[in-house]
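The residues making up each chain are set out below.
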Amino acid sequence: MRVTKASLFSAAGGACCWSTAASANTSNGYNLPIGVTSLSEAMYGLHMEVFWICVGIAVVVFGAMIYSLLKFRHSQGAVADTSMVHSTKVEVIWTIVPVIILVVMAVPAADLILKQEDMRDSGLSIKVTGYQWKWQYAYMDAADGVNFFSTLKQDSNFARQLDSGIDPHSVPNYLLDVDKPLVVPSGVKVRILLTSMDVIHAWWVPDFGAKRSAIPGFVNEIWFRVDPGKEGIYRGQCAALCGRDHGYMPVVVDVRTPDQFKQWVEEQRAAEKQAQTPASSPPAPAAPAAAAAAPAALTATTARNLN
Ligand SMILES: [Cu+2]
């Protein structure tokens, strides 16, 4: 696992904050979010580049159109030119210019698609399975064995019921909160192996630039690496119409520093072990003889601990 200087710094300085962060989403509600991964930033950059090319084209085309409409209107005495039926020069220009524009857009787009598909050197793999209507997260690699379901948080679930009488505005992160979020480390390339057990779902976190279909019988892949220092809670949703409760299976990702992630994995394993202990081996009854002999030693230990 790669531990960078920045992540160590935030582990030391920001330990108080990650658990209480309401949401670190970067969307302003109008444009694509810049996000917190190199992929999402590159996507935003490409999106803006294409946007400004479109703005440029619109200005030139509509400018020429409006200018012509005003300047050469009938009331100003304009007479239509009926002699010009063909111009090779103009045809060459209006073919070459759009081709150049398309190449300028296609080259960086292809480069970004290749980056998106590059699953090599991932530090952590997680199998994500979609169900109607929840997500299952099964960790591999360093967190192997951690496995749980993530479902809509109860307060949202109560408020969404017909005639619940609960004002959705009073519920924090209404329909965008879960009981157990996906926890991942920052600065580590996380590979998501995506599938479904029933219908087609789609796992989507806008701030990671990560969105792909979860299809029964197929395993799709996506990856993201959250930049160190950008730890926090990131929210997304199922992005494929997957049935009646499609709107009630949000995705919540809790990004922590590598050290905090390691600690979380240990906690999950300890909790799992504890959950299994009573069923498999009932606690051994205390030996009366040993118990009788122990008080003096126990008292001494307790006194030491109290001191
Ligand atoms: Cu779904």
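In the block above lies the structure referred to throughout.
Definitions and cut-offs
- Residues numbered from 1 in each chain as written.
- Predicted model: local features only at pLDDT ≥ 70, side-chain atom pairs only at ≥ 80, totals over all residues.
- Heavy atoms only, no water.
- Helix = DSSP H or I, 4+ residues; strand = E, 2+ residues; numbered from the N terminus.
- Buried < 20%, exposed > 50% of the residue type's maximum accessible area, 1.4 Å probe, protein only.
- Polar contact = N/O pair within 3.5 Å; in protein donor to acceptor, adjacent residues only side chain to side chain.
- Contact = heavy atoms within 4.5 Å.
- Salt bridge = Lys/Arg side-chain N within 4 Å of Asp/Glu carboxyl O.

> Just give me the short version of the side chain of Thr 195, but keep the residues and values in it.
Residue placement: Thr 195 occurs in strand 5 (residues 190-196). The buried category is assigned to Thr 195, whose relative accessible area is 11%. Of note is the side chain of Thr 195, whose polar atom sits 3.3 Å from the backbone oxygen of Ile 215. A distance of 2.7 Å separates the side chain of Thr 195 from the backbone oxygen of Phe 218, its partner in a polar contact. Setting aside chain neighbours within four positions, we find Thr 195 in contact with Lys 127, Val 128, Thr 129, Gly 130, Ala 214, Ile 215, Gly 217 and Phe 218.

> Report on the pattern of salt bridges, specifying residues and quantitative values.
A full pass over the atoms with the stated rule returns 9 salt bridges. Here Arg 212 ties to Glu 117 by a salt bridge, and the two come within 3.0 Å at their closest N and O atoms. On the criterion of sequence distance, the pair formed by Arg 212 in strand 7 (residues 210-214) and Glu 117 in the loop between helix 3 (88-116) and strand 1 (124-131) is long-range, its members being 95 residues apart. Note on Glu 117: relative accessible area 40%, which makes it partly exposed. For Arg 256, the salt bridge identified is with Asp 254, shortest N-O distance 3.0 Å. When sorted by exposure, Arg 256 lands in the same class as Asp 254, which is buried. Salt bridges sharing partners connect three or more residues here, namely Lys 153, Asp 177 and Arg 235.

Fair warning: the whole summary comes from geometry, so function is off the table for now.
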